[in-house]
Amino acid sequence: MSHILNFRLIIKIFGSLIIVESLFMILSAIVSIIYHENDWYYFLETSLVTSLVGTIGVVVGRKAEKTLGRREGSIIVTSVWILFSFIGMMPFWLSGAIPSFTNAFFETISGFTTTGASILNNIEGLSHGMLFWRSLTHWIGGLGIVVISLALLPMFGFSGIQLFGAESSGPTKDKIHPKITGTAKRLWLIYTILTICETILLHFGGMHWFDSVCNSFATIATGGFSTKQASIAYWNSAYIQYVIIIFMLLSGINFSLYYFLFNGKTKKVKDNEELKWFLGLTLIATILITFSLINFHKAISFSSLEKTFRDALFQVSSLITTTGFGTVDFMQWKPYVWVLLLILMLTGASAGSTSGAIKMVRIVIVFKYCYYEFKRIIHPKAVIPISYSKEVLRNDVVSKVLAFVLLYIFIVGIGATVLSATGMGFLESIGSMITCMGGVGPGLGSVGPAGNFFAIPDISKWILAFVMLLGRLELFTVLLLFTPVFWKK
């Protein structure tokens, strides 16, 4: 018999977490003031109300027992993303920047889950404060609301292992510090260093500081919200595109590998199988797409070849890391390229990175399982364990990976069917499910890189908002709440 839910502690943690959000919101108010814009009031108003509610929550839960189980962890992690999105949408909605309640929520949860699917038709029409907040939702959600909060708020006074485990679920977890707050702080430091480095390099390439910061937030979080309607294509700069390509790929690598590298543990990096597959697939897909784009009937110059290669590499890097930035409309490319890009949207980059989708480690394990199954058919009496990065995987780990991948594909299929029933087209339904589950951003058809999600039905937007949450928290944390056994005492 499991323990009774510790509601007082849940309320206390909710209060602490939304106080963190209110502090981030003040930054956006400051940006509005710097640029002499009037919407600082909406950020400040929302921040004050939120911090007041958060303080009440902390006070109510001050005498809570410090017992945090898996059930509390699942409730907190799932609910806080929804709570953050409802609070985070308020400046957009109250100011009239996004007058529709549904659209404001969709844009905000798309930001926090680092999906980058947008409903905006005139991004440049937003104020600097609103654009900064829109990009900041990416940066907060990229590393994980809970991970950032564990790094900033050791005042919780309890072990955050259940929260960390629920927020960053995956088949492998590299522990870089014995204490969970230590791990969170080190991940947050790496995250911040990458953001600062990219910001400086983008500014050197001709971006204004404001655009550099916002686009760095979106890159390192693998989110994809740019400050321009044309996304990165607006700058038409090879330098800027290559800088963003490099940092998209860096953000698709397991962050714990950076820690090991800085501490001289190069063997852990060298032996990491997922990293090799991630970079290998990126290279192969880039070469295949580059060849598909070359017109061999015309004379090929170095500059045109470089541009073609850059376009291919940018889109491959953007989609496999689930960032979603765009420099071209890939719907104008050959249909077989669409299929290849959809595969990249499904695979995703590394576990332990800010990217979404299935994750490369799971893809590798599934392929190995299938390969070894063939070997077992030929040698039925042989014991053939599945190894990964020179370590033998337990059977329960392999089973969880297979269950995850099967459930992921099943939900995409069911979701696409439901979306088509709401009035969306076939391409749009498939593309929307894959891109929102994987946290990618652009889909296919009218929701592709040249379009957005503004015109789809409101019911479809709420369905996709749930799908974004489901994909960001990797299915089980959210779906667990819908099982009867979870709520039994």
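Our subject is the structure listed above.
Model, not experiment: these values are computed from the prediction.

J.: So what exactly am I meant to see when it comes to the packing of helix α5 (residues 101–112) against helix α20 (residues 458–472) here?
T.: It is the contact of α5 with α20, at a shortest axis distance of 10 Å, that shows an interaxial angle of 20 degrees. Relative to α20, α5 is oriented roughly parallel. As α5 runs across α20, the sense of the crossing is left-handed. In this structure, α5 uses F101, T102, N103, F105, F106, I109 and S110 to contact α20, whose residues at the interface are D458, K461, W462, L464, A465, M468 and L469. A per-class count over the contact of α5 with α20 returns nine nonpolar, three polar and two charged.

J.: Where do I start with α20 in this structure?
T.: Owing to its 3.6 residues per turn, the α-helix brings residues three or four apart onto one side. Taking 1.5 Å per residue as the helical rise, α20 with its 15 residues ought to reach 21 Å, and the 21 Å between its terminal C-alpha atoms agrees with that figure. Of all the positions in α20, only S460, K461, L464, A465, V467, M468, L469, L470, G471 and R472 are classed as buried.

J.: Even after reading the chapter, I still don't get the pattern of salt bridges, so can you show me in this structure?
T.: Any two side chains of opposite charge can pair, given that their charged atoms come close. Applying the stated criterion to the full structure yields ten salt bridges. E306 is the partner of R310 in a salt bridge, and the nearest nitrogen-oxygen pair spans 2.8 Å. With R310 and E306 both in helix α15 (residues 302–320) and four residues apart, the pair spans about one turn of that helix. The buried category is assigned to R310, whose relative accessible area is 7%. Note that D396 is salt-bridged to R394, the shortest N-O span being 2.9 Å. You can call D396 partly exposed: its relative accessible area is 34%. Each member of the salt-bridge network shares a partner with another, and the members are K359, R362 and E474.

J.: Sorry, what's going on with the nonpolar core here?
T.: Generally speaking, a soluble globular protein has its nonpolar side chains buried in company with each other. In terms of nonpolar packing, the biggest core is built from 139 residues, with W133, M433, M437 and F453 touching the most fellow members. A per-element tally of this core places helix α1 (residues 7–34) first, with eleven residues. The residues contacting M433, other than those within four sequence positions of it, are I411, V412, G415, A416, L419, L464 and V467.

J.: Explanation requested: unusual backbone geometry in the structure shown.
T.: Backbone geometry follows two general trends: most residues other than glycine have a negative phi, and most peptide bonds adopt the trans configuration. At S231, a position not held by glycine, the phi torsion is positive, near 60 degrees. Within the secondary structure layout, S231 lies in the loop between α10 (209–220) and α11 (238–251). Residue S231 is classed as buried on the basis of its relative accessible area, which comes to 13%. Notably, A357 is not glycine yet its phi reads approximately 70 degrees, a positive angle. Turning to its location among the elements, A357 is positioned in the loop between α16 (335–347) and α17 (360–378).

J.: Would you mind going over the side chain of S460 with me for this structure?
T.: Position of S460 relative to the elements: it lies in helix α20. You can call S460 buried: its relative accessible area is 0%. The residues contacting S460, other than those within four sequence positions of it, are L419, T422 and M424.

J.: Could you clarify how one ought to interpret the packing of helix α14 (residues 273–293) against α15 in this entry?
T.: Between two packed helices, both the angle of their axes relative to each other and the distance between the axes serve to describe the pair. Remark: α14 packs on α15, axes separated minimally by 8 Å, with the N-to-C direction vectors making an angle of 140 degrees. The angle between α14 and α15 falls in the class oblique. Crossing of α14 against α15: the hand is right-handed. Contacts between α14 and α15 pair F278, L281, T282, A285, T286, I289, T290 and L293 from the former with T308, F309, A312, L313, V316, S317 and I320 from the latter. Partitioned by chemical class, the residues of the contact of α14 with α15 number ten nonpolar, five polar and no charged.

J.: Just to check I follow, could you spell out α11 for this structure?
T.: In this model α11 runs 20 Å from its N-terminal to its C-terminal C-alpha over 14 residues, within 8% of the 20 Å that 1.5 Å per residue would give. Within α11, the full set of buried residues consists of I240, Q241, V243, I244, I245, F247, M248, L249 and S251. If you check the start of α11, you find a side-chain oxygen 3.4 Å away from the backbone N of Y239, and it comes from S237.

J.: Can you walk me through a nonpolar patch on the surface in this structure?
T.: A contiguous nonpolar patch, built from L23, I26, L27, I30, I33, I34, Y35, W40, Y41, L44 and L48 and spanning about 1000 Å² of accessible area, is present on the exposed surface. Elements supplying a minimum of two residues to the nonpolar patch: α1 and α2 (40–60). Here the nonpolar patch takes six residues from α1, the largest share from any one element. Inspection of the secondary structure assignment puts I34 in helix α1. Taking relative accessible area as the criterion, I34 reaches 54% and is therefore assigned exposed.

Cut-offs and rules
Residues numbered from 1 in each chain as written. Predicted model: local features only at pLDDT ≥ 70, side-chain atom pairs only at ≥ 80, totals over all residues. Heavy atoms only, no water. Axes fitted to C-alpha atoms, helices over the stretch in contact; angles between N-to-C directions. Helix = DSSP H or I, 4+ residues; strand = E, 2+ residues; numbered from the N terminus. Parallel < 35°, antiparallel > 145°, perpendicular 65-115°, else oblique. Left-handed = near helix turned anticlockwise from the far one by under 90°. Contact = heavy atoms within 4.5 Å. Nonpolar A, V, L, I, M, F, W, Y, C, P; charged D, E, K, R; others polar. Expected span 1.5 Å × (residues − 1). Buried < 20%, exposed > 50% of the residue type's maximum accessible area, 1.4 Å probe, protein only. Salt bridge = Lys/Arg side-chain N within 4 Å of Asp/Glu carboxyl O. Core = buried A, V, L, I, M, F, W, Y, C linked by side-chain atoms within 4.5 Å. Polar contact = N/O pair within 3.5 Å; in protein donor to acceptor, adjacent residues only side chain to side chain. Patch = residues over 30% accessible without salt bridge, like charges linked within 9 Å, V, L, I, M, F, W, Y side chains within 5 Å. Areas by Shrake-Rupley, 256 points an atom, 1.4 Å probe, with all protein chains shown as cover.

Worth remembering: the numbers are spatial, not functional.
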